[in-house]
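Each chain, letter by letter, is given below.
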Amino acid sequence: MGFSIALIVFSLLLMLLVLMHKGKGGGLSDMFGGGMQSSVGGSSVAERNLDRITVVIGLLWFACIVVVGLLMKFDS
């Protein structure tokens, strides 16, 4: 039960973090005005930290998927 709740929380966090990323161009973000802004200085510290946090949450999400799958397999 606890891992299922953690999976829901990590899924919501991952969706939020992915939506917070700045569009790199060539995708759907250009349709909504994301391509109008140009980044002159490259990646800022905040963007790199957002990338790192997204990767960590993604790995935790994957680990929860594996644990829930194993619990479902060995529970029956």
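Structure's up top.
Notes on the structure follow. (Residues numbered from 1 in each chain as written. Predicted model: local features only at pLDDT ≥ 70, side-chain atom pairs only at ≥ 80, totals over all residues. Heavy atoms only, no water.)

Thoughts on the overall build of the chain
Here's step 1: A count of helices and strands for the chain gives three helices and zero strands.
Here's step 2: Seen in sequence order, the chain has helices and strands lined up from the N terminus as α-α-α.
Here's step 3: The buried share of the chain, reckoned over its 76 residues, is 13%.
Here's step 4: Across the chain, every contact between residues at least 6 apart in sequence was considered, and the portion connecting residues at least 24 apart equals 91%.
Here's step 5: A total accessible area of about 6100 Å² is found for the chain, and carbon and sulfur atoms account for 73% of it. (Helix = DSSP H or I, 4+ residues; strand = E, 2+ residues; numbered from the N terminus. Buried < 20%, exposed > 50% of the residue type's maximum accessible area, 1.4 Å probe, protein only. Contact = heavy atoms within 4.5 Å. Areas by Shrake-Rupley, 256 points an atom, 1.4 Å probe, with all protein chains shown as cover.)

A word on the nonpolar core
Here's step 1: Listed in full, the seven residues of the largest apolar core are Leu-7, Phe-10, Leu-14, Leu-17, Leu-50, Ile-57 and Cys-64.
Here's step 2: Going through the elements one at a time, helix H1 (2–20) and helix H3 (45–75) are the ones with two or more residues in this core.
Here's step 3: Among the elements that make up this core, the one with the highest residue count is H1 (four residues).
Here's step 4: The residues touching Leu-17, leaving out its near neighbours within four places in the chain, are Leu-50, Ile-53, Thr-54 and Ile-57. (Core = buried A, V, L, I, M, F, W, Y, C linked by side-chain atoms within 4.5 Å.)

Focus: the packing of H1 against H3
Here's step 1: Put simply, H1 and H3 touch, their axes get as near as 9 Å, and they point 150° apart. Here H3 runs roughly antiparallel to H1, going by the angle between their axes. When the axes of H1 and H3 are compared, the crossing they make is left-handed. Contact residues: Phe-3, Ser-4, Ala-6, Leu-7, Phe-10, Ser-11, Leu-13, Leu-14, Leu-17, Val-18 and Met-20 in H1; Leu-50, Ile-53, Thr-54, Ile-57, Gly-58, Leu-60, Trp-61, Cys-64, Ile-65, Val-67, Val-68 and Leu-71 in H3.
Here's step 2: A class-by-class count of the residues in the contact of H1 with H3 yields 19 nonpolar, four polar and no charged. (Axes fitted to C-alpha atoms, helices over the stretch in contact; angles between N-to-C directions. Parallel < 35°, antiparallel > 145°, perpendicular 65-115°, else oblique. Left-handed = near helix turned anticlockwise from the far one by under 90°. Nonpolar A, V, L, I, M, F, W, Y, C, P; charged D, E, K, R; others polar.)

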